[in-house]
Amino acid sequence: MAEELLVSEGAGRTRQVVVGSFARFGSAEPVVIAGPCAVESAEQILRAAEGVAEAGAHVLRGGAFKPRTSPYAFQGLGRAGLVHLRDAGRAVGLPVVTEVLDAQDVALVADHADMLQIGARSMQNFALLRAAGRSGRPVLLKRGAGATVDEWLHSAEYILAEGNREVVLCERGIRSFEPSTRNTLDLGGALAARRRTSLPVIADPSHACGRRDLVAALAAAVLASGLDGVMLEVHPDPDRSISDAAQSISTGAFAALMRDLHLPPASDDLEVMRDAVDGLDEAILSLLERRMALSARIGEHKRRRGLHPHQPQRERDIIERLCSRSGGRVEPEAVERIWSEILSASRADQGDAAVQG
Ligand code: PEP
Ligand code: MN
């Protein structure tokens, strides 16, 4: 008999997991988690927090308990790191997520963080999963580098089975034969996981690729694929990052990435907001260029078939459909005015083609 899993309930739909007062995983807007690999000092995490908050991140990250390959490498600041992270999050108004490595530390971490992270290396630490399930905090469950999608979902089941449904899955790259990137971002696996559960699924391109030159393009790919968000390592001075320097991007590079992804900045600095609006205008213009080019081909088609370029019923249908899809910010009257202009420009273009033809 097939197992009945809580993690499979409502598969295909996405339930929302809310962290803090405004990070909504599984909503129409992708959630961006950003911050350094590790909390290194109160000043470092505060500078990171200010940079990522201003650029529009929704959740601040930073490790206080670090799972390191070598026991001699920096292991994180522990309890002091939790306090610095919490204070930095409060200072900029962002909820915080941080890794818990040991079941014994769950209560302590839950006391300081809005969301608990279970790291890739702990994905099958079942005692830790159960403890996180009883913590009363949402959990970010990273996929083990050697774990199948099925094993990952069963790990989530341990948390759900304790009565905690607030789980977000995070793909972070799997081991493969390919050494160009640190791990291989398994976007297909993440999308397959999303079909099998109603839990939101995000991806962490930083740990997946291990190189800062690929992070922005992979983040764009993750969001284009329709996943529910990204986690990114951002450091105020990446070359001085104690851990994962190679993949950490600067706060400036993070702001540029957010602008390129058309995610709104939180900053109320006029220059920053104007820069973001300029980016949106450029994106709208480039879509309009594509629309005009396609419309010209439609004009050609109409001309060959002897149809008139002006089809009033089709234009009314377009405007009506768009009015019904508007999210509320763009009033129906505004939709009507804007698209009347667009359609009239297309019509003029098609008319010209007809005359020229
Ligand atoms: C991290 O996000 O801090 C981390 C250690 O990542 P992972 O568990 O995916 O290696
Ligand atoms: Mn890291």
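Reference entry: report on the structure contained in this document.

What to know about the pattern of salt bridges
Here is step 1: The final tally for this structure, using the stated rule, is 18 salt bridges.
Here is step 2: Linking K142 and D204 is a salt bridge whose minimum nitrogen-to-oxygen distance equals 2.6 Å. Of this pair, K142 sits in strand β7 (residues 139-142) while D204 is found in the loop between β9 (201-203) and α7 (205-209), placing the two residues 62 residues apart along the sequence. For the residue pair K142 and D204, the accessibility class agrees, reading buried in each case.
Here is step 3: When salt bridges with common partners are traced through the structure, they connect R130, R134 and E162 into a single cluster.

A short note on the coordination of the manganese ion (ligand 2)
Here is step 1: Coordination of the manganese ion (ligand 2) by the protein is provided by C37 (SG), H207 (NE2), E233 (OE) and D244 (OD), with metal-donor distances spanning 2.0 to 2.4 Å.
Here is step 2: For the manganese ion (ligand 2), the donor residues sit on a single chain with the sequence spacing C-x169-H-x25-E-x10-D. Of this pair, H207 sits in helix α7 while D244 sits in the loop between β10 (229-233) and α9 (251-260), placing them 37 residues apart in sequence.
Here is step 3: You can call H207 buried: its relative accessible area is 8%.

Focus: unusual backbone geometry
For residues that are not glycine, phi is negative in most cases, and the peptide bond is trans in most cases.
Here is step 1: A positive phi angle, near 55°, is found at D244, a position not held by glycine.
Here is step 2: At H262, a residue that is not glycine, the phi angle is positive and equals roughly 60°.
Here is step 3: Mapped onto the fold, H262 is located in the loop between α9 and α10 (270-304).
Here is step 4: On the basis of relative accessibility, which here comes to 37%, the residue H262 falls in the partly exposed class.

Description of the pairing of strand β6 (residues 115-118)
Here is step 1: Side chains M115 and Q117 of β6 all project onto a buried face; the interleaved residues L116 and I118 project onto the opposite face, where all are buried too.
Here is step 2: Of the strand pairs in this sheet, strand β5 (residues 96-99) and β6 are connected by 3 bridges, and their pairing is parallel. Note on β6: the bridge partner recorded for E99 is Q117.
Here is step 3: At this point the chain moves from β5, through helix α3 (residues 106-112), to the parallel β6, and the crossover so formed is right-handed.
Here is step 4: Summarising the sheet, β6 and β7 pair through 3 bridges and their orientation is parallel. Note that in β7 the partner of L116 across the bridge is V139.

Digging into the environment of P205
Here is step 1: For P205, the position within the fold is in helix α7.
Here is step 2: By relative accessible area, P205 is classed as buried at 0%.
Here is step 3: A sequence separation of 142 residues divides P205 from R347, and the C-alpha atoms of the two residues are 44 Å apart.
Here is step 4: Residues within four places of P205 in sequence aside, it is in contact with G210, V215, L218, A219, V230, M231 and L232.

Calculation notes
- Residues numbered from 1 in each chain as written.
- Chains lettered and ligands numbered in written order.
- Predicted model: local features only at pLDDT ≥ 70, side-chain atom pairs only at ≥ 80, totals over all residues.
- Heavy atoms only, no water.
- Salt bridge = Lys/Arg side-chain N within 4 Å of Asp/Glu carboxyl O.
- Helix = DSSP H or I, 4+ residues; strand = E, 2+ residues; numbered from the N terminus.
- Buried < 20%, exposed > 50% of the residue type's maximum accessible area, 1.4 Å probe, protein only.
- Donors = N, O, S within 2.8 Å, 3.2 Å for Na, K, Ca; no water.
- Pairing = 2+ DSSP bridges.
- Right-handed = clockwise from strand over helix to strand, strands pointing away.
- Contact = heavy atoms within 4.5 Å.

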